[in-house]
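Each chain, letter by letter, is given below.
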Amino acid sequence: MAKTLILDHPLIKHKIAIMRDKTTGTKAFKELAKEISMLMCYEATRDLATKDKEIETPVTKTTCTVLAGRKLAVVPILRAGLGMVDGMLALIPSAKVGHIGLYRNEETLEPVEYYCKMPSDIEERDVFVVDPMLATGGSACDAIKLIKQKGAKNIKFLCLIAAPEGIKKLQETHPDVDIFCAALDEKLNEHGYIVPGLGDAGDRIFGTK
Ligand code: PRP
Ligand code: URA
């Protein structure tokens, strides 16, 4: 089975605490989502392939390590996943971006697909699916299923906050997908919201409530 990593870093914990605070406004919330995504990208790209390259410094010739050049893609689950894209692209700027539009039906909590546009060569790319919230896991599981149907094989999932229920469902449905979370919370409430969580990530990023 692939790995599940809860990122245990003081900077991430501090930034997540500010995001959770209901008095944090949209501007700060968005900036923090970007900063945490950058820190998570650093960890999620730890196993990227590298190769040797001869270069000449102002002093001498030397052999350096550079990326082997695997093609990458970042796929946000709309809407809230958009809040993690800039942080990812800050570290992997040559990645292409695909989009999957899903929203949760508020009564059934089942994800409803309304948009899917992937880079044409998605099957050749290592894919980082991003969404701030992994609650029941329905959205992440469906998004990853769609991406697999398009031919992608090497997929990682990054979220800011996960519920145990979502982690379990994602591990069981897609045991080949590595999961990276900034925080693992206690549970879901009766409305499918993560407790303690941070509320509705999409609304807080886009100021829609
Ligand atoms: C949120 C969140 C995830 C989903 C998580 O999106 O961004 O996509 O809920 O819940 P799940 O794990 O139970 O599927 P939402 O459906 O609120 O849509 P939005 O991003 O457009 O606000
Ligand atoms: N989606 C959110 O935005 N927040 C939650 O707590 C659960 C799902």
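Right above here is the structure, for reference.
Residues numbered from 1 in each chain as written. Chains lettered and ligands numbered in written order. Predicted model: local features only at pLDDT ≥ 70, side-chain atom pairs only at ≥ 80, totals over all residues. Heavy atoms only, no water.

Undergrad: What is the right way to look at the overall build of the protein in this model?
TA: The secondary structure content of the protein amounts to six helices and 13 strands. Here the C-alpha atoms of the protein give a radius of gyration of 18 Å, agreeing with the 17 Å that 2.2 N^0.38 yields for 209 residues. In terms of principal-axis extent, the alpha carbons of the protein reach across some 65 × 40 × 30 Å. In the protein, which comprises 209 residues, the proportion classed as buried is 45%. Considering only contacts within the protein whose residues lie at least 6 apart along the sequence, 63% involve residues at least 24 apart. Counting only carbon and sulfur atoms, one obtains 53% of the accessible surface of the protein, whose full area is about 11,000 Å². In the protein, the 29 positive side-chain charges and the 29 negative ones have mean positions that sit 3 Å from each other. (Helix = DSSP H or I, 4+ residues; strand = E, 2+ residues; numbered from the N terminus. Rg over C-alpha atoms; globule rule 2.2 N^0.38 Å. Buried < 20%, exposed > 50% of the residue type's maximum accessible area, 1.4 Å probe, protein only. Contact = heavy atoms within 4.5 Å. Areas by Shrake-Rupley, 256 points an atom, 1.4 Å probe, with all protein chains shown as cover. Lys, Arg positive; Asp, Glu negative; His and termini not counted. Charge placed at Lys NZ, Arg CZ, Asp CG, Glu CD.)

Undergrad: Where do I start with the environment of valine 129 in this structure?
TA: Note that valine 129 resides in strand S8 (residues 126-130). Between the C-alpha atom of valine 129 and that of glutamate 31, which follows or precedes it by 98 residues, the distance is 19 Å. Once residues within four sequence positions are removed from consideration, valine 129 is found in contact with Val75, Ile77, Ile144, Ile147, Ile155, Lys156, Phe157 and Leu158.

Undergrad: Hey, could you run me through the site of ligand 2 in this one?
TA: Every residue near ligand 2 is listed here: Arg104, Met133, Ala135, Gly192, Tyr193, Ile194, Gly199, Asp200 and Ala201. Contacts to ligand 2 include isoleucine 194, whose backbone N or O atom sits 2.8 Å from an oxygen atom. Glycine 199 has a polar backbone atom sitting 2.8 Å from a nitrogen atom of ligand 2. Within the shell around ligand 2, the residues separate by chemical class into five nonpolar, two polar and two charged. (Near = heavy atom within 4 Å. Polar contact = N/O pair within 3.5 Å; in protein donor to acceptor, adjacent residues only side chain to side chain. Nonpolar A, V, L, I, M, F, W, Y, C, P; charged D, E, K, R; others polar.)

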